[in-house]
Amino acid sequence: MMQDWKTEERKLYTPATEAHAVHIPKQFYFVIDGRGSVGSEDFHERLRVLTALSEAVRTIPGHGYCPPGFADYSIYPPETLHHAKNQDGLPATFSLMIRQPDFIDNETIDRAFNLIHKERKFPLLPEVAFEEFEDGPSVQLRSSKKLEPAVEAFRKIDHFLLANSLKRRNSQHREIYPGHNMALFDEVVYRVFVEEAQ
């Protein structure tokens, strides 16, 4: 039976529209850094290489290797980790990423990169890294970009932090895009990383 994040991990990818606390464990990602506007042509070019790598991992048994613990699954949605605003006047930076399944191992990663390299369609492939992140204690909500500007979503988050004696651990935040294709940005999960306020 296929594992599907839309049904099995709803609390992470299609959570409540009101701000709430959540603890995010260690997760594995293909990551590529970017700068400027999310949704630009450069952004989508970077997303294409991550999607191709993710598809290579999902179909790796068809290429002669079955990782221990492999189970068929739906590819995870894209995410961006937004870094602190630049003080140099340059566009803000972000890390674009797609989560990978827990069974992934070094052999799977190497084979996926080799498969994509052979296609020679992705000049940005050398910029991709494999990394693990543990967001830990966080506050998040799901928002419709059509109905609610990002500033309003963060206002809700800030109100929740104040009401629950929490503060941000850093100036980063994560955005998750559970939509598809043309509707990719219709809904966004905004997540900030928190600790108890002193």
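See the structure shown above.
Predicted model only: the values in this text are computed from it and were never measured. (Residues numbered from 1 in each chain as written. Predicted model: local features only at pLDDT ≥ 70, side-chain atom pairs only at ≥ 80, totals over all residues. Heavy atoms only, no water.)

Visitor: Help me understand the packing of aromatic side chains, please; the structure alone is not making it clear to me.
Guide: The description of an aromatic ring pair rests on the distance of the ring centres and on the angle between the ring planes. The final tally for this structure, using the stated rule, is 12 aromatic pairs. Arranged with centres 5.6 Å apart and planes meeting at 80°, the rings of Tyr29 and Phe133 form a pair that is edge-to-face. With Tyr29 in strand β1 (residues 20-35) and Phe133 in strand β4 (residues 129-144), the pair connects residues that are 104 residues apart, well separated along the chain. Summarising the burial analysis for this pair, Tyr29 and Phe133 share the class buried. For the ring pair Phe43 and Phe94, a centre distance of 5.9 Å and an interplane angle of 55° mean the geometry is tilted. Of this pair, Phe43 sits in helix α3 (residues 41-58) while Phe94 sits in strand β3 (residues 93-100), placing them 51 residues apart in sequence. Phe94 matches Phe43 in its accessibility class, with the two residues each being buried. Every member of this aromatic cluster is reached through a ring pair, and the members are Phe28, Phe30, Phe113 and Phe130. Sitting over the face of the ring of Trp5, Lys6 holds its NZ or CZ atom 4.8 Å from the ring centroid. (Phe/Tyr/Trp six-rings, centres within 6.5 Å; stacked < 30°, edge-to-face > 60°. Helix = DSSP H or I, 4+ residues; strand = E, 2+ residues; numbered from the N terminus. Buried < 20%, exposed > 50% of the residue type's maximum accessible area, 1.4 Å probe, protein only. Lys NZ or Arg CZ within 6 Å of the ring centre and 35° of its normal.)

Visitor: For this particular structure, what's the right way to read the sheet that holds β1?
Guide: What links the strands of a sheet is backbone hydrogen bonding, and the strands pair in either a parallel or an antiparallel sense. Spatial strand order, β1-β3-β2-β5-β6-β4: six strands in a closed barrel with antiparallel pairing. Within this sheet the neighbouring strands show an average axis-to-axis angle of 50°, counted without direction. Of the pairings in the sheet, the one linking strand β2 (residues 78-82) to strand β5 (residues 166-176) comprises four bridges and is antiparallel in character. What sits directly across from Leu81, in β5, is Arg174. Set on the sheet, α3 makes contact with β1, β2 and β3; between it and β3 the angle comes to about 20°. (Pairing = 2+ DSSP bridges. Axes fitted to C-alpha atoms, helices over the stretch in contact; angles between N-to-C directions. Contact = heavy atoms within 4.5 Å.)

Visitor: Where do I start with the nonpolar core in this structure?
Guide: In summary, soluble globular proteins display a tendency toward joint burial of nonpolar side chains. By size, the foremost hydrophobic cluster in this structure holds 47 residues, and its most contacted members are Phe30, Val139 and Ile157. Counting residues per element, this core draws most heavily on α3, at eight residues. Every residue in contact with Val139, bar those within four places of it in the chain, is listed here: Ala19, His20, Ala21, Ile157, Phe160, Leu161, Leu166, Tyr190, Arg191, Val192 and Val194. Counting six residues, the second-largest nonpolar core is a separate cluster that includes Tyr29, Val31, Leu81 and Phe133. (Core = buried A, V, L, I, M, F, W, Y, C linked by side-chain atoms within 4.5 Å.)

Visitor: Honestly, the pattern of salt bridges in this entry has me stumped. Any pointers?
Guide: Oppositely charged side chains can pair when the atoms bearing their charge come close. The final tally for this structure, using the stated rule, is 17 salt bridges. Among the salt bridges present, the one from Arg99 reaches Glu9, with a minimum N-O distance of 2.8 Å. You can see Arg99 sitting in strand β3 and its partner Glu9 sitting in the loop between α1 (5-8) and α2 (10-13), a full 90 residues away along the chain. Judged by relative accessible area, which is 7%, Arg99 ranks as buried. A salt bridge links Glu127 to Arg46; the shortest N-O distance between them is 2.9 Å. Linking Glu127 in the loop between α4 (106-119) and β4 with Arg46 in helix α3, this pair joins segments that are 81 residues apart in sequence. Residue classification places Arg46 among the buried residues on the basis of a relative accessible area of 10%. (Salt bridge = Lys/Arg side-chain N within 4 Å of Asp/Glu carboxyl O.)

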